[in-house]
Amino acid sequence: MASENSPLLAYRLLGEEGAAFPAGGAGGPGGTSTRKLSTFLGVVVPTVLSMFSIVVFLRIGFVVGHAGLLQALAMLLVAYFILALTVLSVCAIATNGAVRGGGAYFMISRTLGPEVGGSIGLMFYLANVCGCAVSLLGLVESVLDVFGAGATESNGLQVLPQGYGWNLLYGSLLLGLVGGVCTLGAGLYARASFLTFLLVSGSLASVLVSFVAVGPRDIAITPQHGANGSSLPPRYGHFTGFNSSTLKDNLRAGYSQDYTTGTMMTFASVFAVLFNGCTGIMAGANMSGELKDPSRAIPLGTIIAVVYTFFIYTLLFFLSSFTCDRTLLQEDYGFFRAISLWPPLVLIGIYATAISASMSSLIGASRILHALAQDDLFGVILAPAKLVTRGGNPWGAVLYSWGLVQLVLLAGKLNTLAAVVTVFYLVAYAAVDLSCLSLEWASAPNFRPTFNLFSWHTCLLGVASCLLMMFLISPGAAGGSLLLMGLLSALLTARGGPSSWGYVSQALLFHQVRKYLLRLDVRKEHVKFWRPQLLLLVGNPRGALPLLRLANQLKKGGLYVLGHVTLGDLDSLPSDPVQPQYGAWLSLVDRAQVKAFVDLTLSSSVRQGAQHLLRISGLGGMKPNTLVLGFYDDSPPQDHFLTDPAFSEAEDTTGEGGSPALSTLFPPPRAPGSPRALSPQDYVATVADALKMNKNVVLARACGSLPPERLSRGSGSSSQIHHVDVWPLNLLRPRGGPGYVDVCGLFLLQMATILGMVPAWHSARLRIFLCLGPQEAPGAAEGRLRALLSQLRIRAEVREVVWGEGTPAKEQEEEAEGDFVNGGQGDAEAEALAGSANALVRAQQGQGSGGGPGGPEGGEGKEGPTTALTFLYLPRPPADPSRYPRYLALLETLSRDLGPTLLAHGVTPVTCTDL
C-alpha cells in the first residue's frame, strides 16, 4: 500500500513516536475528584498504543528485511534495554512520594529544579505538539494512499481529491476530531483509547492468525520506474508459510536501498527507525493527574506495557522471518494487508493507531502545558493554559495546544522536524534518568522509593544511552536541542523560579568543595532533603569513642562536627591554647575513621562554649541542627583508647613524623569522684539553650556497651539479630492518644530509620512501641500509625503497650512549659512514674518479635532477639532553672539499666510524604 511509499512514513513516521510518548497528560488541576483512571485505562492502554504506533503495522518488514532476524532481535534488545533503564528511573521517582499533574515534567522539575525542569518541560511540550501534527499528516497520507484520487493502489477507491489545500483540510478535520475528544476530558479520552486498543488488538490478532491460516502465495510488488521513466518488469514477493529455508535466508542482514526513499540502509538507520517506533514509555506518566493512585499505577502499568509490546514485536519478527522471503520484506512494508484474512481490518488497525497517537500527543501536550502554566515559569504568555472546567479538565491548555498543532500542520511536511521531535523525547528520557541519579547520589534520607530495582549505575547508563541515541539519530538535532535547553535554562535562571519545591542540587552541593558552599542557599532548603547535621560536644575523647562512631553512623552523609570547649580566659593567657590542639583532634578523626570536622573554642564555662559552637559551627547551609551530648551520670568514665585496636599503644608508639603517640595527646579520663568541668545545672541549661536556639537534642547513655560490630563500617553480617526500639511518647507525661505524630516523635522515627540504613545496622529490626491510655481501645491508634509509616516508607514492627494508668487528672492540664511533669506533683510521685516507665521499657527489651505484653501472643515472652539500642522521647526541660536537678534525676531513673540509649528531642520537621 502506498502509505509505506510516503516519505513521511519512510522516515520512521515520528508522529508515532511522538504519539508514543505523550499519553494523557497529568492534569494539572489534579484535584482528587479528577483522579478516576485505573492502572489499565490510564497507563497500560495509552503506553501500549504509544509504543506500537503505526510502526507495528508498517515497519516490521522493513527492519527484518534489511537487518535480518538476528540483528533485528539484537536491535530490539538494545532498544528495550535503553527504554528499561528509563522505566526503572520513572518507577523509582513515582514511588517516592505523591505524583501530581505534569507527568515527566513534574518529576524532572521537582527534582532538578525549575530551571532545568522548565526548559525540558517546554521542549517536551513542543515535541508533543509536533508529534501530534506528524501523526495527523501520516494518517492523511495513509488515507490518501488508498482513497485519494491519485492513489497508487490498484484497488483503491480514489474518491478524495488531493493537493496541499485538501491535505491541510483533511488534517484540520482530523485535528478537530482529536481536539474535541481531548477537550471533553481525560475520561472520554481513556474510553476512546480503550476502543482504539480493542481495534488495534483485533487487527494484530488477525495478522497473527493470518500467518498460520493463510497458505503460500505470490504477492505483486508495487511497480517501480527506471531511470528514463519506463516501467520495470513486474516483480513478486513470496509468502511461503512456515519454511525453514525462508528462516535460514532471513537470519543474516541484507542491507539495500530503501524503495521509498532510495537511501542505502545501514545498521544505524534501521535501528533509528525501530527505536523511534517502540518509544512511548512516558505515556502513562503523563496521565499522572488523572490516575487514582499514580505512585502504584505508573510503575506497574508501564512495566506491563513494556513487557507486552516487547513480546508482540519479538513474535512478529519471528513470524515474518519464518514465512516471508527477503524480496517481500524489503519491497512491500505493508505486506500485512496482502497476507491478512481480512485486509480491511489491517487498515483499521493502522488508522486506529494513528488516531491514538495524535490524541496521546495532544492530551499529553495539554497536561504538560497546564503544569507549566500553573508553575508560572513563563509568565503571562501561558496564562490562558490555566483555565479548567468544573471537572478539572484543562480546556485552556487543550485549545492552546490545538492552535499550535494547527500552525504546524501548515508546514505540510515534517521530515526534518521529525528528527528534532524524537531527540526532544530522548532529552526528556535522559532528564528523568538524571533526576533519579541525582536523588540517589544525594543520598537524602527521605529518598526511599518503594520500587528499589534500580541503582545509580542504571541511572547513569540510562543517561549515557539516551545521549548516544540522540546523536545516532540526528547529530544536528541533538546538538540543537541541548543548545536550546541551555538557553531556556539560562532564561529561567535569570527570571527566577519558585524556591519551595526542594532542589536536589542543594543536597548534591552539600558534598562539594568550598567554592560550592557559596551556592548552597539556605532559603532553598526543603524538608524532603533534611539530614542530621550533628554537633557532638566531647570533653575527653578517651571516654567517648563509641559515641563518636555512633554519631558518625547517625549523620547519613550530613555535617558532623566534633566540638570541644577549653576553659580559660584569653585575656590572662599569653597565647591561644586552642590552636595547638587541632592537630590532636584531627589525628583522632583520622584514627577513629569518622567523617567529621573539628571545632574548638575557648570559654569561661562549658555552657557558654556550647552556645558559641552552636552559633558559629558550619558554613552557609551546612550548619549543625542537632546537638549530641553524653549522658550526665555517676558512671566512672572508661578509657577506650586502651581497648580499641585503632588506639592501642602496641600499634602506635609514635605518631606520624615521630610525633607523640595519639594516646598521649589527651589526658587520662577523670578519676571517679573528682570534680567535673560541667555542673548538673549547666548540663541541663545547655540542653535548654540548644532547644531555645531551635536545635534538636540527643543525649546518649551507655554507648560504650554497644558491640564493636555495630560501630564498624562493615556490612553488619552478624548472625545475632537485635532490635532498635523507639518510644515516640513522653513517658514522663503519659496522656494516651496519638502523641506519636508530633514533631519530636517523628524525629525519633527518622533517626532510627537513618540508623537502619547503615550497613552495620542492616540486620537490626525496628520496633515502635505505641503507648495506649487506660481508656483507649487497642487497634485504632496502631492502624493510624501503620498508615503513617506506610506514607513515610518506614518498615517497622508496631507494638501496643498500656501506659498511663493512674496518672493524676490534673497532669492532663499542665502547661507546655512544664512538659516533663506537673509542677504540683511530688518528687516521690514523679520518681515513681519514671521508675515504672523504666520498668516498662526494660520489660519490652527482652521480648521477641511475637511475644511480650502488647504483642500478638500476650504475655508469653519468647527467647530471641534483644534490644541493641533504645530511642526515648526526651522531655523539654522545665522553665524554672531550680528544677533542673530534679529533671536530670528523672531522666537518670527513666534510662537506668536500659543499655545503649538515645534520648532525643526534635524541634523541626524532618520528613514529608510528597515527592
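Parameters at a glance
- Residues numbered from 1 in each chain as written.
- Predicted model: local features only at pLDDT ≥ 70, side-chain atom pairs only at ≥ 80, totals over all residues.
- Heavy atoms only, no water.
- Helix = DSSP H or I, 4+ residues; strand = E, 2+ residues; numbered from the N terminus.
- Buried < 20%, exposed > 50% of the residue type's maximum accessible area, 1.4 Å probe, protein only.
- Contact = heavy atoms within 4.5 Å.
- Areas by Shrake-Rupley, 256 points an atom, 1.4 Å probe, with all protein chains shown as cover.
- Phe/Tyr/Trp six-rings, centres within 6.5 Å; stacked < 30°, edge-to-face > 60°.
- Expected span 1.5 Å × (residues − 1).
- Arc of directions from axis to C-beta.
- Patch = residues over 30% accessible without salt bridge, like charges linked within 9 Å, V, L, I, M, F, W, Y side chains within 5 Å.
- Salt bridge = Lys/Arg side-chain N within 4 Å of Asp/Glu carboxyl O.
- Pairing = 2+ DSSP bridges.
- Axes fitted to C-alpha atoms, helices over the stretch in contact; angles between N-to-C directions.
- Parallel < 35°, antiparallel > 145°, perpendicular 65-115°, else oblique.
- Left-handed = near helix turned anticlockwise from the far one by under 90°.
- Core = buried A, V, L, I, M, F, W, Y, C linked by side-chain atoms within 4.5 Å.
- Nonpolar A, V, L, I, M, F, W, Y, C, P; charged D, E, K, R; others polar.
- Polar contact = N/O pair within 3.5 Å; in protein donor to acceptor, adjacent residues only side chain to side chain.
- 1 Å grid on protein atoms, 1.4 Å probe; cavity = no way out; pocket = protein on both sides within 12 Å on 5 of 7 lines; lining within 4 Å.
- Points joined across faces, edges and corners; volume = space filled by probe spheres on them.
- Lys, Arg positive; Asp, Glu negative; His and termini not counted.

Novice: In this structure, what is going on with the overall build of the protein? I would like to understand it.
Specialist: Per the secondary structure count, the protein includes 29 helices and 12 strands. Expressed as a percentage of the 915 residues in the protein, the buried residues total 58%. Once local pairs closer than 6 in sequence are excluded, the contacts in the protein between residues at least 24 apart make up 82%. Accessible surface, the protein: about 35,100 Å² in total, of which carbon and sulfur atoms supply 61%.

Novice: Would you take a moment to explain the packing of aromatic side chains for this structure?
Specialist: By convention here, two paired aromatic rings are described through the distance between centres and the angle between planes. Applying the stated criterion across every chain, the model contains 19 aromatic pairs. Here Tyr 632 and Tyr 683 contribute two aromatic rings whose centre-to-centre distance is 5.2 Å and whose plane-to-plane angle is 45°, an arrangement assigned as tilted. Here Tyr 683 lies in helix α25 (residues 680-692) and Tyr 632 lies in the loop between β6 (626-630) and α25, a separation of 51 residues in the sequence. What makes Tyr 683 buried here is its relative accessible area of 4%.

Novice: Teacher, can you tell me more about helix α29 (residues 884-894) here?
Specialist: Residues spaced three or four apart along an α-helix face the same direction, because each turn holds 3.6 residues. Of all 11 residues that make up α29, eight are buried, and the element is covered over most of its length. Along α29, the positions that sit buried rather than exposed are Tyr 884, Arg 886, Tyr 887, Leu 888, Leu 890, Leu 891, Thr 893 and Leu 894. Elements that come into contact with the buried residues of α29 comprise α25, β7 (696-701), α28 (827-845), β11 (866-873) and β12 (901-905).

Novice: When you look at helix α19 (residues 475-495) in this model, what are you seeing that I'm missing?
Specialist: With 21 residues, α19 extends 30 Å from end C-alpha to end C-alpha; this agrees with the ideal 30 Å at 1.5 Å per step. The complete set of buried residues in α19 reads Ala 477, Ala 478, Ser 481, Leu 488, Ser 489 and Leu 492. When α19 is viewed along its axis, its buried side chains cluster within an angular range of 110° and face the same direction. Turned more than 90 degrees away from the buried face of α19, the exposed residues are Pro 475, Gly 476, Leu 483, Leu 487, Thr 493 and Ala 494.

Novice: I tried to follow a nonpolar patch on the surface on my own but got confused; where do I start?
Specialist: A surface patch of nonpolar side chains, amounting to about 820 Å² of accessible area, comprises Phe 40, Phe 194, Leu 195, Leu 198, Leu 199, Val 209, Leu 341, Trp 342 and Ile 348. Residue contributions to the nonpolar patch peak at five residues, all from helix α9 (residues 186-213).

Novice: Explanation requested: the sheet that holds strand β10 (residues 797-802) in the structure shown.
Specialist: Two orientations exist for strands paired in a sheet by backbone hydrogen bonds: parallel and antiparallel. As summarised here, the arrangement of the 10 strands in space is β5-β4-β3-β6-β7-β12-β11-β8-β9-β10, forming an open sheet in which the pairing is mixed. Only two strands of the sheet have a single neighbouring strand rather than two, namely β5 (597-603) and β10. Across this sheet, the average inter-strand angle for adjacent strands is 25°, counted without regard to direction. In this structure, strand β3 (residues 534-537) lies alongside β6, joined through three bridges in parallel fashion. By the bridge assignment for β6, Leu 535 is matched with Leu 627. In the packing of helix α23 (residues 582-592) onto the sheet, the strands contacted are β4 (560-567) and β5, and the crossing angle to β5 comes to about 145°. Sheet strands in contact with helix α26 (residues 743-756) are β6, β7, β8 (722-727), β9 (765-772), β11 and β12, and its direction is about 150° off that of β11.

Novice: Got a minute to help me understand unusual backbone geometry in this structure?
Specialist: Across the chain, the bulk of peptide bonds are trans and the bulk of non-glycine residues have phi less than zero. Notably, Asp 376 is not glycine yet its phi reads approximately 55°, a positive angle. Its place among the elements puts Asp 376 in the loop between α15 (343-375) and α16 (395-409). Residue classification places Asp 376 among the partly exposed residues on the basis of a relative accessible area of 37%. A positive phi is found at Asp 897, a non-glycine position, where the angle reads about 60°. Mapped onto the fold, Asp 897 is located in the loop between α29 and β12. We classify Asp 897 as exposed; its relative accessible area is 62%.

Novice: Explanation requested: the pattern of salt bridges in the structure shown.
Specialist: Side-chain pairing between opposite charges can occur once the charged atoms of the two side chains come close. For the structure on display, the rule yields eight salt bridges. A salt bridge links Asp 644 to Arg 549; the nearest nitrogen and oxygen atoms lie 2.5 Å apart. Taken together, the residues Asp 644 in the loop between β6 and α25 and Arg 549 in helix α22 (residues 545-554) connect sequence positions 95 residues apart. In this pair, the class of Asp 644 matches that of Arg 549, namely buried. A salt bridge links Arg 767 to Asp 725; the nearest nitrogen and oxygen atoms lie 2.9 Å apart. One end of the pair, Arg 767, is in strand β9; the other, Asp 725, is in strand β8, and 42 residues separate them in sequence.

Novice: I tried to follow the packing of helix α7 (residues 114-147) against α16 on my own but got confused; where do I start?
Specialist: Between two packed helices, what matters for the description is the angle formed by their axes and the separation of those axes. Relative to each other, α7 and α16 sit at 55°, their axes nearing to 9 Å. Here α7 lies oblique to α16, going by the angle between them. Of the two possible hands of crossing, α7 and α16 adopt the one that is right-handed. Contacts between α7 and α16 pair Tyr 125, Val 129, Cys 132, Ala 133, Leu 136 and Leu 137 from the former with Tyr 400, Ser 401, Leu 404, Val 405, Val 408 and Leu 409 from the latter.

Novice: Would you take a moment to explain the nonpolar core for this structure?
Specialist: A general trend in soluble globular proteins is that nonpolar side chains are found buried together. Core analysis: the largest hydrophobic core is formed by 153 residues, its most contacted members being Phe 211 and Phe 317. If you look at the next biggest cluster of nonpolar residues, it comprises 66 residues, including Ala 544, Leu 554, Val 594 and Val 698.

Novice: Would you mind going over the packing of helix α3 (residues 39-52) against α9 with me for this structure?
Specialist: Interhelical geometry of α3 versus α9 gives an angle of 50° and a closest axis separation of 9 Å. In terms of axis orientation, α3 runs oblique to α9. Regarding α3 and α9, the two cross each other, and that crossing is left-handed. Between α3 and α9, the residues in contact are Phe 40, Leu 41, Val 45, Pro 46, Val 48, Leu 49 and Phe 52 and Tyr 189, Ala 190, Ser 193, Phe 194, Thr 196, Phe 197, Val 200 and Leu 204, respectively. For the contact of α3 with α9, the per-class residue count stands at 13 nonpolar, two polar and no charged.

Novice: Even after reading the chapter, I still don't get the side chain of Thr 302, so can you show me in this structure?
Specialist: Residue position: Thr 302 is located in helix α12 (residues 294-323). One polar contact links the side chain of Thr 302 to the main-chain carbonyl oxygen of Ile 298, over a distance of 2.6 Å. Not counting residues up to four positions away in its chain, the partners in contact with Thr 302 are Val 43, Val 87, Ile 281 and Ala 297.

Novice: For this particular structure, what's the right way to read the layout of surface pockets?
Specialist: Within this model, the second largest pocket holds a volume of roughly 1,500 Å³. Of all the secondary-structure elements, those providing two or more residues to the lining of the second largest pocket are β3, α22, β4, α23, α24 (606-616), β6, α25 and β7. When residues in the lining of the second largest pocket are grouped by element, the largest group, four residues, is from β4. For the lining of the second largest pocket, the class distribution of residues is 30 nonpolar, 13 polar and four charged.

Novice: What exactly am I supposed to notice about the side chain of Asp 325 here?
Specialist: Within the secondary structure layout, Asp 325 lies in the loop between α12 and α13 (326-331). Despite its burial, Asp 325 pairs with no opposite charge, the nearest such side chain being Arg 326 at 8.5 Å. Once residues lying within four places of it in the same chain are set aside, the contact partners of Asp 325 are Gly 237, His 238, Thr 246 and Asn 250.

Novice: Just to check I follow, could you spell out the pairing of β8 for this structure?
Specialist: Within a regular strand, side chains alternate between the sheet's two faces. Counting buried positions along β8 yields six of six residues, so the element is predominantly enclosed. Of the two faces of β8, the one holding His 722, Val 724 and Val 726 and the one holding His 723, Asp 725 and Trp 727 are both buried throughout. Pairing between β8 and β11: six bridges, direction parallel. For His 723, the partnering residue across the bridge sits in β11 and is Thr 867. The pairing of β8 with β9 spans four bridges and is classified as parallel.

Novice: Would you mind showing me how to read the pairing of β11 here?
Specialist: The buried count for β11 comes to seven of eight residues, which makes it a mostly enclosed element. Note: β11 against β12, four bridges, orientation parallel. Counterpart to Tyr 873 in the pairing with β12 is Ala 904.

Novice: What exactly am I supposed to notice about the environment of Leu 537 here?
Specialist: Residue placement: Leu 537 occurs in strand β3. With 73 residues separating them along the chain, Leu 537 and Ala 610 place their C-alpha atoms 7.6 Å apart. Filtering out sequence-adjacent residues up to four positions away, Leu 537 remains in contact with Gly 563, Ala 610, Leu 613, Leu 627, Val 628 and Leu 629.

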